[in-house]
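Structural characterization, general
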Amino acid sequence: MGSHKIQLPILLFTWASLACLCFSLPCEYSILDHDLPNFPSEEVVVELFQQWMEKHKKVYKDAEEVVKRFENFRNSLKYIIEKNAERTSPNGYCLGLNSFSDMSNEEFRQVYLMSEMKQPFNQKGNTLISKNVQQNLQFL
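The residue numbers shown here count from 1 along each chain, following its written sequence. This being a predicted model, a pLDDT of at least 70 is required before a residue's local features are given, and a value of 80 or more before pairs of side-chain atoms are given or counted; all residues contribute to the totals for chains, interfaces and linings. Heavy atoms from the whole structure form the basis of all side-chain values; hydrogens and water molecules are not counted.

1. Considerations on the environment of Arg 69
Secondary structure counts use DSSP, requiring at least four H or I residues in a row for a helix and at least two E residues in a row for a strand, with both numbered from the N terminus. Its location among the elements puts Arg 69 in helix H3 (residues 63–85). For the pair Arg 69 and Asp 102, spaced 33 residues apart in sequence, the C-alpha to C-alpha distance is 4.9 Å. Here, two residues are considered to be in contact whenever any of their heavy atoms come within 4.5 Å of each other. Filtering out sequence-adjacent residues up to four positions away, Arg 69 remains in contact with Phe 49, Tyr 60, Asp 102, Met 103 and Glu 107. Pairing of N or O atoms within 3.5 Å defines a polar contact, subject to two protein rules: one partner must be a possible hydrogen donor and the other a possible acceptor, and residues neighboring in sequence count only if both atoms are side-chain atoms. Among the polar contacts made by the side chain of Arg 69, one reaches the main-chain carbonyl oxygen of Asp 102 at a distance of 3.0 Å.

Have a look at this one:
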């Protein structure tokens, strides 16, 4: 009976610690302060871009590529700040910078998403079965 009195507080303490850890994790993954009230100055954006490049080990081939990626980064940052400002609860989700922050939406779609949807597997499978059945019926 005495061991149950000790186990319960330890269990509650462990659960509370894990809950606190889960709520604090997203801030650790982004170099961005999630409570920015408005868009930072150009100097701060450049500084954030440099920190972000170091964190994600980004290296670009030339100055033109840097300018393009910086512009995409700035647009991502603007979107993140606007969406985080719309949060109604401090425990709600918040956006942050990730390794894709230097890509435009179009680039991301082109690289990581399928360009066209294929026919669903079941329909495709049924079509193949139907063709096989038709071929077998021709031999009869």
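2. Quick notes on the pattern of salt bridges
Should a side-chain nitrogen of Lys or Arg be within 4 Å of a carboxyl oxygen of Asp or Glu, the pair is scored as a salt bridge. For the coordinates displayed, the defined rule picks out seven salt bridges. Across the pair Glu 65 and Arg 69 runs a salt bridge whose closest N-O atoms are separated by 2.9 Å. Of this pair, Glu 65 and Arg 69 are both found in helix H3, four residues apart, which corresponds to roughly one turn of the helix. As far as burial versus exposure is concerned, Glu 65 and Arg 69 are alike and both buried. Residue Glu 107 is joined to Lys 68 by a salt bridge in which the shortest nitrogen-to-oxygen separation is 3.3 Å. Within this pair, whereas Glu 107 is found in helix H4 (residues 105–112), its partner Lys 68 is found in helix H3, the two being separated by 39 residues in sequence. For every residue, the accessible area obtained with a 1.4 Å probe (protein chains only) is divided by the maximum for its type, and the residue is called buried under 20%, exposed over 50%, and partly exposed between those limits. Here Lys 68 falls in the partly exposed class, since its relative accessible area comes to 41%.

3. Regarding unusual backbone geometry
Phi is positive for Lys 57, close to 55 degrees, though the residue is something other than glycine. Among the structural elements, Lys 57 can be located in the loop between helix H2 (42–55) and H3. For Lys 57, a relative accessible area of 71% corresponds to the exposed category.

4. Quick notes on H3
Expected helix span is taken as 1.5 Å per residue step, with the number of steps being one fewer than the number of residues. Between its terminal C-alpha atoms H3 stretches 33 Å, which fits the 33 Å expected from 23 residues at 1.5 Å a residue. Among all positions in H3, only Glu 65, Arg 69, Phe 70, Asn 72, Phe 73, Arg 74, Ser 76, Leu 77, Ile 80, Ile 81 and Asn 84 are buried. Among the residues of H3, the N-terminal cap falls to Asp 62, whose side-chain oxygen and the backbone nitrogen of Glu 64 are separated by 3.3 Å.

5. Some remarks on a nonpolar patch on the surface
Like charges are joined within 9 Å and nonpolar side chains (Val, Leu, Ile, Met, Phe, Trp, Tyr) within 5 Å, but only among residues with over 30% relative accessible area and no salt bridge; these make up the patches. In this description, accessible areas are obtained by the Shrake-Rupley approach with a 1.4 Å probe, and a residue is regarded as covered only by the protein chains that are shown. A cluster of nonpolar side chains, contributed by Phe 100, Val 111, Tyr 112 and Leu 113, occupies part of the molecular surface with about 380 Å² of accessible area. When you line up the elements, Phe 100 lands in the loop between H3 and H4. Accessibility expressed as a relative area gives 33% for Phe 100, which makes it partly exposed.

Geometric descriptors of this kind do not, in isolation, establish any biological role.
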